[in-house]
Amino acid sequence: MNDLVKNLVVWLVLAAILMSVFNSFTPKEVENEIIYSEFVTEVQNERVSSVAINGLIIEGTRRDGSSFRTVRPNVQDPGLMDDLLNHNVQVIGKEPETPSLLSQLLVAAFPILLILAIFVFFMRQMQGGAGGKGGPMSFGKSKAKLLNSDQISTTFADVAGVDEAKEDVSELVDFLSDPTRFQRLGGRIPKGVLMVGPPGTGKTLLAKAIAGEAKVPFFSISGSDFVEMFVGVGAARVRDMFEQAKKQAPCIIFIDEIDAVGRHRGGGYGGGNDEREQTLNQLLVEMDGFEGNEGVIVIAATNRPDVLDKALLRPGRFDRQVYVSLPDIRGREQILKVHARKVPIDESVELSVIARGTPGFSGADLANLINEAALFSARGKRRVVGMEEFEQARDKIMMGAERRSMVMSVKEKANTAYHEAGHAIIGKLVPEHDPVHKVTIIPRGRALGVTQYLPEEDRYSMSRRQIFSQLCSLFGGRLAEEMIGGMDGVTTGASNDIERATQMARNMVTKWGLSETMGPVLYGEDESQNPGGGNTHYSEDTSRQIDQEVRTILDDAYKQAKKLLEDNRDILEAMKDALMEFETIDADQVDDLMHRRKVRPPQNWDDNDSDSGAGKQSAESTSESEEAPKESSKDSGKEGPIGGPVEEV
């Protein structure tokens, strides 16, 4: 708003100046001006009492008191003075006004000066405003934003879930607050700290918390802000940034996404004269060169440490590398508590349960989860956010939004129910498998149905038994379709299940050493190092053995899953009926079905609700139902984009 008012005032002043200039060059019309011949007639008729002659301009007064003005033609008129004197007209002479040389120069140069002023104004606006950092010659000025100590309210209390990273950087606060305590023992303040970690884990937030705790100025800039199209601008901006930081020392410089300017040197087309490399060279010199930068700590963040130049990572520049990892279950609960302060939470909400059901979520993902839950609660016109809203928000983030408007035929809906029931039953029967959390045949995202598992704890490695159990559950959907309709009844819904199972079995043989036949040998190759996909590490005979071993593992899993489903055919039918009736069943209902008990209805279930179950779809079969298998074949049975494993059809 302030910028808008300032620009409006500037334009109004500029318009007023232009109007005054145009008015000064426009000839003025005089109301009492008469032509010269009329003036001569009035003199001869003795109507004029006096005149004042100034060159060609004649101003006079009539005998009735009115005034007039006329311009004499630029020709000789010797009889004019005789006529004036003969008719008793008082004649007054005026010295002609000649403008000074200075005023003439100003009038002549004013249009040029005005054009230059307008040009400079627009150049300053394009370069960041009319302040000290603007102007056509300010390309080399740093774009770093300065936040003073009183402008930073973030502290370590606002950072949760990264206790190890907080502990690593907490010494920086002590260094900045009381450096003499460490210098007394010969220690020196670290010159740089590199924060490495996946996106959304809180690297920027942690850097601001350091500045907020230490109460020191904080310079913030992105790595891409250094490089421009003009050669040498990046290096000049690095110099200017460190000069400003030295004046504010002790202070912190935070460079976000430093990989934009800190990549390996020598890879560019410009060689040593590449603009990005010049910028990096200047950054290296400023961080550890002949001139010291005492009290200036550089904190940088990146999620690509592998592409950074080795000279940038050495001690003396970035003395420490702090890895900000994805939070574990306790960290996720702490992060949820921090973000839940701003949202009215119902007393029945258990954040520990939500944390357990969101493995792999970053801090940003959890903040988004809280926000989505609040939006769901607002749509329902509730005053607090309950557990149901958190479940809806998590499902939306992990599996996509519900598509209740998608119409499926009863036959296709029943086939989806069999498929998801097959996944759930095998998941409950095989050993060391994640517990089934929810089964639904409501289309979500690009899937027609979803079976969701809820891990009991974070898992960092998997045993061969756990992997084999996952293979069995992946085949559960296809096996259920095969048991009901035979091979002719199998649909394309299991395409992604087969893809995932095949890849998992191949990894067991080629990468993880989990095959007794092939042994603990690496047969695979990193795709990033071999884009062509060709393998040169083993012979054709070994390749044939690998294919045979993969097929053996998949066949064993298929046979075991098939036997489990055949032995529990009644549970498969009961679960299919429950899904057709309720569309979504939870873990308690799945337990009822597995123990062959009557299925309890879900909470808030209305027996008279005709919009649920098969009644709604029985009379609605359109051409959309024919397109659904195509959609499921593209993306079915995929792993959750962020969180725990899901099985989809």
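- Going by what an unreviewed UniProt entry lists, the chain is known as ATP-dependent zinc metalloprotease FtsH and is assigned to gamma proteobacterium HTCC2207.
- Under the heading Subunit (unreviewed entry), UniProt records this for the chain: "Homohexamer."
- Turning to the chain, the UniProt record has this under Function (unreviewed entry): "Acts as a processive, ATP-dependent zinc metallopeptidase for both cytoplasmic and membrane proteins. Plays a role in the quality control of integral membrane proteins."

## So, the pairing of strand β11 (residues 436–440)
Moving on, step 1. With five of five residues buried, β11 is to be regarded as a mostly interior element.
Moving on, step 2. Judged from the four bridges that link them, β11 and strand β12 (residues 450–453) form a sheet pairing that is antiparallel. Looking across to β12, one finds that Thr440 is bridged to Val450.
Moving on, step 3. Taken together, the three bridges between β11 and strand β13 (residues 584–586) define a ladder with antiparallel strand orientation. Pairing of Val439 across the sheet is with Ile585, part of β13.

## Side note on the packing of aromatic side chains
Aromatic ring pairs are described here by two measures, namely the spacing of the ring centres and the angle between the planes.
Moving on, step 1. Tallying each qualifying case throughout the model produces four aromatic pairs.
Moving on, step 2. Here the aromatic rings of Tyr36 and Phe39 are separated by 6.0 Å at their centres, their planes lie at 40°, and the arrangement is tilted. Of this pair, Tyr36 and Phe39 are both found in helix α2 (residues 36–44), three residues apart, which corresponds to roughly one turn of the helix. Phe39 matches Tyr36 in its accessibility class, with the two residues each being buried.
Moving on, step 3. Taking 6.1 Å as the distance between ring centres and 20° as the angle between the ring planes, the aromatic pair formed by Phe218 and Phe254 counts as stacked. Of this pair, Phe218 sits in strand β7 (residues 218–222) while Phe254 sits in strand β8 (residues 251–256); the two residues are 36 residues apart in sequence, bridging distant segments of the chain. For the residue pair Phe218 and Phe254, the accessibility class agrees, reading buried in each case.
Moving on, step 4. Each residue in the set Tyr36, Phe39 and Phe68 is aromatic and connected to the rest through ring pairs, giving one cluster.
Moving on, step 5. One Lys or Arg, Arg379, reaches over the ring of Phe376 and ends 5.0 Å from the middle of that ring.

## As for the environment of Ile441
Moving on, step 1. Summarising the element assignment, Ile441 is placed in the loop between β11 and β12.
Moving on, step 2. Relative accessible area serves as the criterion here: at 2%, Ile441 is assigned to the buried category.
Moving on, step 3. Setting aside its immediate chain neighbours within four residues, Ile441 contacts Met408, Lys413, Thr416, Ala417, Glu420, Leu448, Gly449, Leu579, Met580 and Glu583.

## Quick notes on the packing of α2 against helix α3 (residues 79–86)
Moving on, step 1. Interaxial distance between α2 and α3 falls to 9 Å at its minimum, and their mutual angle equals 35°. Here Tyr36, Phe39, Val43 and Gln44 of α2 lie close against α3, whose contacting residues are Leu80, Asp83 and Leu84.
Moving on, step 2. For the contact of α2 with α3, the class distribution of residues is five nonpolar, one polar and one charged.

## Concerning the pattern of salt bridges
Moving on, step 1. Across all of its chains, the model carries 19 salt bridges by this definition.
Moving on, step 2. Across the salt bridge formed by Asp306 and Arg304, the nearest N and O atoms sit 3.4 Å from each other.
Moving on, step 3. Classification of Asp306 by relative accessible area gives exposed; the value is 53%.
Moving on, step 4. Relative accessible area serves as the criterion here: at 35%, Arg304 is assigned to the partly exposed category.
Moving on, step 5. Look at the salt bridges and you will find they share partners, linking Glu391, Arg394 and Lys438 into a network.

## A look at the sheet that holds strand β4 (residues 90–93)
Through backbone hydrogen bonds, the strands of a sheet pair up, either in parallel or in antiparallel fashion.
Moving on, step 1. Reading across the sheet, the four strands line up as β3-β2-β1-β4 and stay open at both edges, with mixed pairing between neighbours. At either margin of the open sheet sits one strand with a lone partner, and together these are β3 (67–71) and β4. Going from strand to strand, the sheet's axes swing by 20° on average, the running direction of each strand aside.
Moving on, step 2. Sheet contacts for α2: β1 (48–54), β2 (57–62) and β3; angle to β3, the most-contacted strand, approximately 130°.

## Section: the packing of helix α15 (residues 410–429) against helix α18 (residues 540–567)
Moving on, step 1. Put simply, α15 and α18 touch, their axes get as near as 10 Å, and they point 100° apart. With respect to each other, α15 and α18 are oriented roughly perpendicular. Touching Gly422, Ile425, Ile426 and Leu429 of α15 are Ala561, Leu564 and Leu565, all from α18.
Moving on, step 2. Each residue belonging to the contact of α15 with α18 can be placed in one class, and the counts come to six nonpolar, one polar and no charged.

## Concerning the UniProt feature "binding site: ATP" (unreviewed entry) in the chain
Moving on, step 1. The residues that UniProt annotates with the feature "binding site: ATP" (unreviewed entry) are Gly197, Pro198, Pro199, Gly200, Thr201, Gly202, Lys203 and Thr204.
Moving on, step 2. On the secondary structure map, Pro198 appears in the loop between β6 (192–196) and α7 (203–214).
Moving on, step 3. The contacts of Pro198, once residues within four sequence positions are left out, are Lys203, Tyr323, Val324, Ser325 and Leu326.
Moving on, step 4. Here Pro199 is to be found in the loop between β6 and α7.

## Side note on the nonpolar core
Moving on, step 1. In this structure, Leu471, Met575, Leu579 and Ile585 are the most contacted members of the largest nonpolar core, which totals 48 residues.
Moving on, step 2. Among the elements of the structure, α15, β11, α16 (464–485), α17 (495–510), α18, α19 (569–582) and α20 (587–594) are those that each provide at least two residues to this core.
Moving on, step 3. Of all the elements, α16 adds the most residues to this core, at nine residues.
Moving on, step 4. Once residues within four sequence positions are removed from consideration, Ile585 is found in contact with Lys438, Val439, Met575, Ala578, Leu579, Val590 and Leu593.
Moving on, step 5. Counting 28 residues, the second largest nonpolar core, distinct from the first, contains Val173, Ala209, Phe254 and Val322.

## Section: unusual backbone geometry
Moving on, step 1. A positive phi angle, close to 55°, is found at Asn88, a residue other than glycine.
Moving on, step 2. Relative to the helices and strands, Asn88 resides in the loop between α3 and β4.
Moving on, step 3. Under the relative-accessibility criterion, Asn88 is labelled exposed at 57%.
Moving on, step 4. One non-glycine residue, Glu257, lies in the positive phi region at around 50°.
Moving on, step 5. Considering the arrangement of structural elements, one finds Glu257 in the loop between β8 and α9 (275–287).

## Let's talk about helix α11 (residues 329–340)
Moving on, step 1. Between its terminal C-alpha atoms α11 stretches 16 Å, which fits the 16 Å expected from twelve residues at 1.5 Å a residue.
Moving on, step 2. Of the residues making up α11, those classed as buried are Gly331, Arg332, Ile335, Leu336, Val338 and Ala340.
Moving on, step 3. As for α11, its buried residues are in contact with α12 (351–356) and α13 (363–379).

## Structural notes on the environment of Leu114
Moving on, step 1. With respect to the helices and strands, Leu114 occurs in helix α4 (residues 101–126).
Moving on, step 2. Residue classification places Leu114 among the buried residues on the basis of a relative accessible area of 15%.
Moving on, step 3. Separated by 100 residues in sequence, Leu114 and Leu14 place their C-alpha atoms 9.6 Å apart.
Moving on, step 4. Look past the residues within four positions of Leu114 in its chain and what remains in contact with it is Leu14, Ile17 and Leu18.

## Brief notes about helix α8 (residues 233–248)
Moving on, step 1. In this model α8 runs 23 Å from its N-terminal to its C-terminal C-alpha over 16 residues, within 8% of the 22 Å that 1.5 Å per residue would give.
Moving on, step 2. Taken together, the buried positions of α8 are Val233, Gly234, Ala235, Ala236, Arg237, Val238, Asp240, Met241, Phe242 and Ala245.
Moving on, step 3. Those residues of α8 that are buried are in contact with β7, β8, α9 and β9 (296–302).

Calculation criteria
Residues numbered from 1 in each chain as written. Predicted model: local features only at pLDDT ≥ 70, side-chain atom pairs only at ≥ 80, totals over all residues. Heavy atoms only, no water. UniProt positions renumbered as here; feature names shortened; annotations may be inferred. Buried < 20%, exposed > 50% of the residue type's maximum accessible area, 1.4 Å probe, protein only. Helix = DSSP H or I, 4+ residues; strand = E, 2+ residues; numbered from the N terminus. Pairing = 2+ DSSP bridges. Phe/Tyr/Trp six-rings, centres within 6.5 Å; stacked < 30°, edge-to-face > 60°. Lys NZ or Arg CZ within 6 Å of the ring centre and 35° of its normal. Contact = heavy atoms within 4.5 Å. Axes fitted to C-alpha atoms, helices over the stretch in contact; angles between N-to-C directions. Nonpolar A, V, L, I, M, F, W, Y, C, P; charged D, E, K, R; others polar. Salt bridge = Lys/Arg side-chain N within 4 Å of Asp/Glu carboxyl O. Parallel < 35°, antiparallel > 145°, perpendicular 65-115°, else oblique. Core = buried A, V, L, I, M, F, W, Y, C linked by side-chain atoms within 4.5 Å. Expected span 1.5 Å × (residues − 1).

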